[in-house]
Amino acid sequence: MLVDHEEYEVVVTAVAPVGAMVRTAAGDEGFVDRAKHPSWWSPTPRAAVGDRMRAVVLDASRTPAPLSALADDVRIARSLRHTTPLTRLCPPPGEAASVEWGPVEESLGLALSADYRHLVERYGGGLFADTVWLLSPGCPDPFYDLVGQCAERAEDLADLWDAGEDRPDGLRDGDRLVPWGYVEGAGHVLYWLVRPGTEPEEWPVLLNEGRGPLWEFHPPLCSRFLLDVVAGTTTSYYFTDLDELVTPAERTRFLPLARIPGP
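Treat the numbers as computed from the prediction; the structure is a model and nothing was measured.

(A) The packing of helix H1 (residues 71-89) against helix H3 (residues 114-123), seen in detail. The contact between H1 and H3 brings their axes to 8 Å, and the two run at 40°. Between H1 and H3, the crossing angle belongs to the class labelled oblique. In this structure, the crossing between H1 and H3 has a hand that is right-handed. Taking contact as the criterion, the partners of Arg75, Ser79, Leu80, Thr83, Leu86 and Thr87 in H1 are, on H3, Ala114, Asp115, His118, Leu119, Arg122 and Tyr123. By residue class, the composition of the contact of H1 with H3 is five nonpolar, four polar and three charged.

(B) Up close: the pattern of salt bridges. Scanning the entire structure with this criterion turns up 13 salt bridges. Residues arginine 75 and aspartate 72 are paired through a salt bridge, measuring 2.3 Å at the closest nitrogen-oxygen approach. Of the two residues, arginine 75 and aspartate 72 are both situated in helix H1; the distance of three residues between them amounts to about one turn of the helix. With a closest N to O distance of 2.9 Å, arginine 195 and aspartate 175 form a salt bridge. Taken together, the positions of arginine 195 in the loop between strand S9 (189-194) and strand S10 (205-208) and aspartate 175 in the loop between helix H4 (146-162) and strand S8 (176-183) put the pair 20 residues apart, joining distant regions of the chain. Connected through salt bridges with shared partners, the residues Glu6, Glu7, Glu9, Arg54, Arg78, Arg81 and Glu202 form a single ionic network.

(C) The environment of leucine 89, seen in detail. Examined against the element boundaries, leucine 89 turns out to sit in helix H1. By relative accessible area, leucine 89 is classed as partly exposed at 35%. Spatially, the C-alpha atom of leucine 89 lies 7.8 Å from that of valine 230, the residues being 141 residues apart in sequence. If sequence neighbours within four positions are ignored, leucine 89 has contacts with Leu227, Val230, Ala231 and Thr252.

(D) Quick look at the side chain of histidine 37. Note on placement: histidine 37 falls in the loop between strand S3 (29-33) and strand S4 (52-57). In this structure histidine 37 comes out as buried when scored by relative accessible area, which is 9%. Of note is the side chain of histidine 37, whose polar atom sits 2.8 Å from the side chain of serine 39. Excluding residues within four positions of it along the chain, histidine 37 makes contact with Val32, Thr44, Pro45, Arg46, Ala47, Met53 and Leu70.

(E) Local environment of the nonpolar core. Core analysis: the largest hydrophobic core is formed by 52 residues, its most contacted members being Leu86, Leu112, Tyr116, Phe128, Trp180, Trp192 and Phe239. Excluding residues within four positions of it along the chain, phenylalanine 239 makes contact with Thr131, Val132, Val183, Leu207, Phe225, Val229 and Thr234. Ranked by size, the runner-up nonpolar core spans 14 residues in total, among them Ala47, Met53, Ala55 and Ala65.

(F) Spatial organisation of the sheet that holds S8. On the basis of which strands lie adjacent, the open sheet formed by seven strands has the order S11-S10-S9-S8-S7-S6-S12 and antiparallel pairing. At either margin of the open sheet sits one strand with a lone partner, and together these are strand S11 (215-218) and strand S12 (254-256). When strand polarity is set aside, the average angle formed by the axes of neighbouring strands in this sheet is 30°. The sheet contact formed by strand S6 (residues 126-128) and strand S7 (residues 132-134) spans three bridges and is antiparallel. For phenylalanine 128, the partnering residue across the bridge sits in S7 and is valine 132. In the packing of H3 onto the sheet, the strands contacted are S6, S7, S9 and S12, and the crossing angle to S7 comes to about 95°.

What counts as what
- Per-chain numbering applies: the sequence of each chain, read as written, is numbered from 1 onward.
- Side-chain atom pairs in this predicted model are given and counted only at pLDDT of 80 or more, local residue features only at pLDDT of at least 70, and totals for whole chains, interfaces and linings cover all residues.
- Hydrogens and water molecules were not included; the side-chain quantities draw on all heavy atoms of the structure.
- Angles shown run from 0 to 180 degrees and are taken between the N-to-C directions of axes, each axis being a line fitted to C-alpha atoms and, for helices, limited to the stretch in contact.
- The secondary structure listing takes helices from DSSP runs of H or I that are at least 4 residues long and strands from runs of E that are at least 2 residues long, numbered from the N terminus.
- Throughout this description, any angle smaller than 35 degrees is read as roughly parallel, any larger than 145 degrees as roughly antiparallel, any in the 65 to 115 degree range as roughly perpendicular, and the remainder as oblique.
- Helix crossings get a hand from a simple test, with the near helix turned counterclockwise from the far one by less than a right angle marking a left-handed crossing and a clockwise turn marking a right-handed one.
- In what follows, residue pairs with any heavy atoms lying within 4.5 Å of each other are defined as contacts.
- Residue classes follow a fixed rule: Ala, Val, Leu, Ile, Met, Phe, Trp, Tyr, Cys and Pro count as nonpolar, while Asp, Glu, Lys and Arg count as charged, and any other residue, Gly among them, counts as polar.
- By salt bridge we mean one thing: a side-chain nitrogen of Lys or Arg within 4 Å of a carboxyl oxygen of Asp or Glu.
- Whether a residue is buried, partly exposed or exposed follows from its accessible area with a 1.4 Å probe, protein chains only, as a fraction of its type maximum: under 20%, in between, or over 50%, in that order.
- Nitrogen and oxygen atoms within 3.5 Å of one another constitute a polar contact, given that in protein one can donate a hydrogen and the other can accept it, and given that sequence-neighbouring residues count only through two side-chain atoms.
- The nonpolar core is taken to be a set of buried Ala, Val, Leu, Ile, Met, Phe, Trp, Tyr and Cys residues, with the residues joined through side-chain atoms within 4.5 Å.
- Should DSSP find at least two bridges between two strands, the strands are regarded as paired.

If you want it as structure tokens, here you go:
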């Protein structure tokens, strides 16, 4: 059974002027419109019977389900795969403002993942599950501002490593650690591991404990990490006792910064 936003390896079973019928290894059928095949936009050869490609499901409720093999649609689908169930489980406040991403990405010197942009556009900066802060660009509190924290945390890490603290395993020359979240109370910082030539949707998530040198690695994306925390499916050691700290209602609640009382 096909699922919205999921990726599948498919084989072309029939071709027509309007597109191609495809089938997954499990036998599920779908349709790739000619405009959703790379050949419509580039010199890529047109689809032919027997071709194999990676495609994402656009609408699993239709028969045959429309799929896309375009790289942009694949990236968008990856971002929605976790943000969509997260918004169902933890409704956004409906107060998020639009963001001019060009200047933000220019300040950071990198392109941000679509899933992070979707999160900020839906939620804004604030607190998930009474525990995890989502940093946002332009936040009036500099402690939760994405751009400001990127520079500050880079300096803090450089000082720690110069003082002899171990770097996270696998960190290579040219890699960057860019903060996107902060764990309230414990002081843990959540980072993207940014590698040259790696798409933003492929950046692993790293958690650096707040009162020690340990690091914890998690798969991409930040939306997946947040969904696992909210849904109670996280494998993070640092969230094993979350049920003892927050109520079920708090776990599925998002508090925007404007609604959080000051000191």
